[in-house]
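Single-letter residue listing:
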Amino acid sequence: EEENLEVEEEEDDGGAGVGSPDSFPPRVPGTLLPRLPSEPGMTLLTIRIEKIGLKDAGQCIDPYVTVSVKDINGIDLTPVQDTPMASRKEDTYVHFNVEIEIQKHVEKLTKGAAIFFEFKHYKPKKRFTSTKCFAFMEMDEIKAGQIVIEL
């Protein structure tokens, strides 16, 4: 079930978490960060977003996904990343086929951390970007291979 959550974003929003005004550089939509250098005994995490199923997928304008890693208090643990706009819309799916490199080794993430995925699209009548739906994965849900998460 999807819920229409409308969050009006301010243009000068730096994307940093509450209480950390200068923690991370400002976000540039559609810019994904590179893979971290590997460290012995540390696990790097790459997440591939293939597609999102929505009943009105074809009507979404300029859809993209914001990916963030937050601690139990909702504070960003890594820089927030936006995917590029969807590569195509087909039937009830919005296709992305994009990889996101999580900017912290798995072992360095705090207990209770979660990865959030916010599906956003532009609403021309209201002239702002809306968060249509979201999903999240807790660290114990992360495993190798494909996984389907509910929006």
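What you see is a predicted model; the values in this text were computed from it and never measured.

1. Focus: the sheet that holds strand β1 (residues 46–53)
Read across the open sheet, the three strands follow the order β1-β5-β4; overall the sheet is antiparallel. The open sheet has two edge strands with one neighbour each: β1 and β4 (88–90). Averaged over all neighbouring strand pairs, the angle between strand axes comes to 25°, with direction disregarded. Bridging between β4 and strand β5 (residues 93–101) involves three bridges; their strand directions are antiparallel. If you follow K89 over to β5, its bridge partner there is V94.

2. Thoughts on the pattern of salt bridges
For the structure on display, the rule yields six salt bridges. Its salt-bridge partner being R35, residue E101 comes within 3.1 Å of it at the nearest N-O pair. With a gap of 66 residues between them, E101 in strand β5 and R35 in the segment before β1 connect regions that are remote in the sequence. For E101, a relative accessible area of 13% gives the class buried. Between K70 and D76 there is a salt bridge, with its nearest N and O atoms 2.6 Å apart. D76 shares its class with K70; the two are buried.

3. Overview of the packing of aromatic side chains
Within a pair of aromatic rings, the relevant descriptors are the distance that separates the centres and the angle that separates the planes. Enumeration according to the criterion identifies two aromatic pairs in this entry. Relative to F119, the ring of F96 lies with its centre 6.4 Å away and its plane at 80°, an arrangement referred to as edge-to-face. Remark: F119 occurs in strand β6 (residues 114–123) and F96 occurs in strand β5; sequence separation between them is 23 residues. Both residues of the pair, F96 and F119, count as buried. With a centroid separation of 5.3 Å and 25° between ring planes, the pair formed by F116 and F136 is classed as stacked. Separated by 20 residues along the polypeptide, F116 in strand β6 and F136 in strand β7 (residues 128–138) bring together distant segments of the chain. By relative accessible area, which is 38% here, F136 ends up partly exposed. Over the aromatic face of Y93 sits the side chain of K51, whose NZ or CZ is 4.3 Å from the ring centroid.

4. Re the nonpolar core
Of all hydrophobic cores here, the largest spans 24 residues; its most connected members are F96 and F119. Where this core is concerned, the elements lending two or more residues are β1, β2 (61–70), β5, β6 and β7. By residue number, the principal contributor to this core is β5, which donates four residues.

What counts and what doesn't
- Residues numbered from 1 in each chain as written.
- Predicted model: local features only at pLDDT ≥ 70, side-chain atom pairs only at ≥ 80, totals over all residues.
- Heavy atoms only, no water.
- Pairing = 2+ DSSP bridges.
- Helix = DSSP H or I, 4+ residues; strand = E, 2+ residues; numbered from the N terminus.
- Axes fitted to C-alpha atoms, helices over the stretch in contact; angles between N-to-C directions.
- Salt bridge = Lys/Arg side-chain N within 4 Å of Asp/Glu carboxyl O.
- Buried < 20%, exposed > 50% of the residue type's maximum accessible area, 1.4 Å probe, protein only.
- Phe/Tyr/Trp six-rings, centres within 6.5 Å; stacked < 30°, edge-to-face > 60°.
- Lys NZ or Arg CZ within 6 Å of the ring centre and 35° of its normal.
- Core = buried A, V, L, I, M, F, W, Y, C linked by side-chain atoms within 4.5 Å.

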